[in-house]
Amino acid sequence: MNKEDLKKVFAHIDEAKLVNVILNLIRIPAETGEEEARSEYIKSIMQDLDLDVITQIVEPGRGANQIGVLKGAGGGKNLMIHAHIDGWPSTREQELAGIADGSLRDGKIYGPGTGDQLAPVAGFWGVMDTLKRAGLRLKGDLIWAQVIDEEMYMTGTKALADTDCFGADMILIGEPNDFNIGAAHTGIVEMVIETKGYAGHPSHINLGFKYANAVASMNKIINKIYEMQEKDPLFNLSHPMLGRGNVPYIGPIIGGFKAVGDPLRPVGPGRGKLANAYMCPEWCRLRMGVRTFPGGGTTEEIVQTIKKYIAELSREDPSVEATVEVYIDRNLPMEIPEDSPAVELLRKSISQALGKEPEFKANMYCTDLPPMLGLKRGIPGTWTGPGLARYLRPDEHVTVQELVDTVKVFLTAAIEYCDVAE
């Protein structure tokens with residue numbers, strides 16, 4: 001379809017309804033594992049568009065994948081447009097900024113999830129709605145897949161892949177990269193490090209009793225991890241687009257002693273409120289992770305390297321005792337071949353829809369593509385979307401124009417790939 005014909009199709013985009021859809025999505029919380037309400041809302045707007053809706057139960061008692069299919073006339077290829085519906089709860093800064101429940105100000109839509117991935121979710125609604133309003137019928141099926149649990153364990157996409165992705169011949173995922181083309185991204189390994197201490201009173205320090213502070217031990221381990229990051233070859237790889245990695249990151253930490261040393265106990269007088277600092281912490285737990293790079297080693301190699309540095313610390317300071325346990329293993333970094341048909345499709349679609357020549361760029365995040373869609377099933381795919389790294393910020397937002405542009409890009413891709421029936 002030429003640019004003039006595309007403009008005629010774009011004229012059918014209903015901007016007001018599009019904004020209303022994303023505001024509704026923002027106002028329906030969907031933290032990972034608690035996606036039920038948002039899933040049901042998406043199902044309802046799919047049904048309002050008269051799509052063939054498939055509700056895929058992933059795990060009993062939690063939200064479902066929703067797949068809306070716009071059946072083609074036949075003779076064309078099938079395209080899946082894909083995004084996840086789970087996201088993070090609002091941050092304290094977002095609540096103070098007054099954007100926790102979504103707001104529209106000066107052409108910008110603010111709220112948690114607008115940076116990842118509610119703009120593509122609303123945009124995909126806009127693609128389907130515009131095709132209906134324009135009276136266009138595609139030859140191939142356009143499959144709109146909304147999955148749960150991308151942020152943690154990818155259970156939604158794993159279930160989707162077990163269906164062979166409902167016959168999709170190509171996958172385009174909505175992820176924020178300023179409407180460039182996904183070239184590579186990282187994987188994730190997360191683990192719990194737990195240190196052991198010994199209960200004691202401050203007076204013991206000078207009396208010669210064995211003294212090991214679990215929190216102090218963890219502090220030493222964190223410093224050792226930063227040392228590892230600086231000097232270990234496994235954490236100093238070089239990638240032409242991602243830069244230096246693998247990249248360790250430090251997450252939440254908690255530690256203490258039972259009862260009066262419990263850090264979750266409120267301080268002050270009164271029953272259940274007796275807490276102080278002088279009981280030596282006998283336990284401490286840290287959650288940390290590594291953003292893994294293509295060619296960056298197995299999960300076992302990464303964990304063993306971390307254990308090696310902890311063991312080195314324990315030899316220097318025998319009071320340090322620690323265990324390491326992996327709880328998220330998504331060591332699935334990936335690279336997209338630049339000659340992939342998905343890259344070619346997006347390059348043409350972004351150029352036609354937005355008049356810009358997209359870059360082929362890597363991103364320091366994960367997508368649902370590698371484990372189930374791109375590699376396991378051999379389906380070509382890549383990603384694009386509005387904005388970049390706005391998630392969790394006090395001004396997390398997408399502009400109205402970016403939202404409309406999301407519709408234009410994926411609509412152009414659908415028309416190009418599935419083809420228009422006569």
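Refer to the structure printed above.
All of these numbers come straight from a predicted model, not from anything done at the bench.

(A) Layout of the nonpolar core. Counting 82 residues, the largest nonpolar core has I22, L79, I109, L142 and W144 as its most contacted members. Considering each element in turn, this core owes the most residues, 12 residues, to helix α11 (residues 400-418). Dropping the residues within four chain positions of it, L79 is found in contact with D141, L142, I143, M170, L172, A413, A414, Y417 and C418. Of all hydrophobic cores here, the second largest spans 23 residues; its members include L234, C284, L286 and I306.

(B) Main features of the packing of helix α2 (residues 15-26) against helix α5 (residues 118-134). The interhelical angle for the contact between α2 and α5, taken along N-to-C directions, is 140 degrees, at an axis separation of 9 Å. Overall, the two elements α2 and α5 adopt an arrangement that is oblique. Here α2 runs over α5; the crossing is right-handed. Of the residues in α5, those touching α2 at K17, L18, V21, I22, L25 and I26 are L118, A119, V121, A122, G123, W125 and G126. Here the residues of the contact of α2 with α5 sort into 10 nonpolar, 2 polar and 1 charged.

(C) Fine view of the sheet that holds strand β14 (residues 322-330). Pairing within the open sheet is antiparallel, and its 4 strands lie in the order β12-β13-β9-β14. Of all the strands in the sheet, the pair left with one neighbour each is β12 (247-256) and β14. Averaged over all adjacent pairs, the angle separating strand axes in this sheet is 15 degrees, with direction ignored. Of the pairings in the sheet, the one linking strand β9 (residues 187-196) to β14 comprises 8 bridges and is antiparallel in character. Paired with M191 across the strands is V326, a residue of β14. Sitting on the sheet, helix α7 (residues 214-231) is in contact with β9, β12, β13 (283-292) and β14, with an inclination near 175 degrees to β12. The strands touched by helix α8 (residues 299-316) are β9, β13 and β14; relative to β14, the strand with the most contacts, the crossing angle is about 160 degrees.

(D) Quick look at the sheet that holds strand β8 (residues 181-185). Spatially, 3 strands are ordered β15-β8-β16 in an open sheet, and the strand pairing comes out mixed. Each edge of the open sheet carries a strand with a single partner, namely β15 (334-335) and β16 (360-363). Relative to β16, β8 runs parallel, the two being bridged by 4 bridges. The residue of β16 that forms the bridge with A184 is A362.

About the thresholds
Residues numbered from 1 in each chain as written. Predicted model: local features only at pLDDT ≥ 70, side-chain atom pairs only at ≥ 80, totals over all residues. Heavy atoms only, no water. Core = buried A, V, L, I, M, F, W, Y, C linked by side-chain atoms within 4.5 Å. Buried < 20%, exposed > 50% of the residue type's maximum accessible area, 1.4 Å probe, protein only. Helix = DSSP H or I, 4+ residues; strand = E, 2+ residues; numbered from the N terminus. Contact = heavy atoms within 4.5 Å. Axes fitted to C-alpha atoms, helices over the stretch in contact; angles between N-to-C directions. Parallel < 35°, antiparallel > 145°, perpendicular 65-115°, else oblique. Left-handed = near helix turned anticlockwise from the far one by under 90°. Nonpolar A, V, L, I, M, F, W, Y, C, P; charged D, E, K, R; others polar. Pairing = 2+ DSSP bridges.

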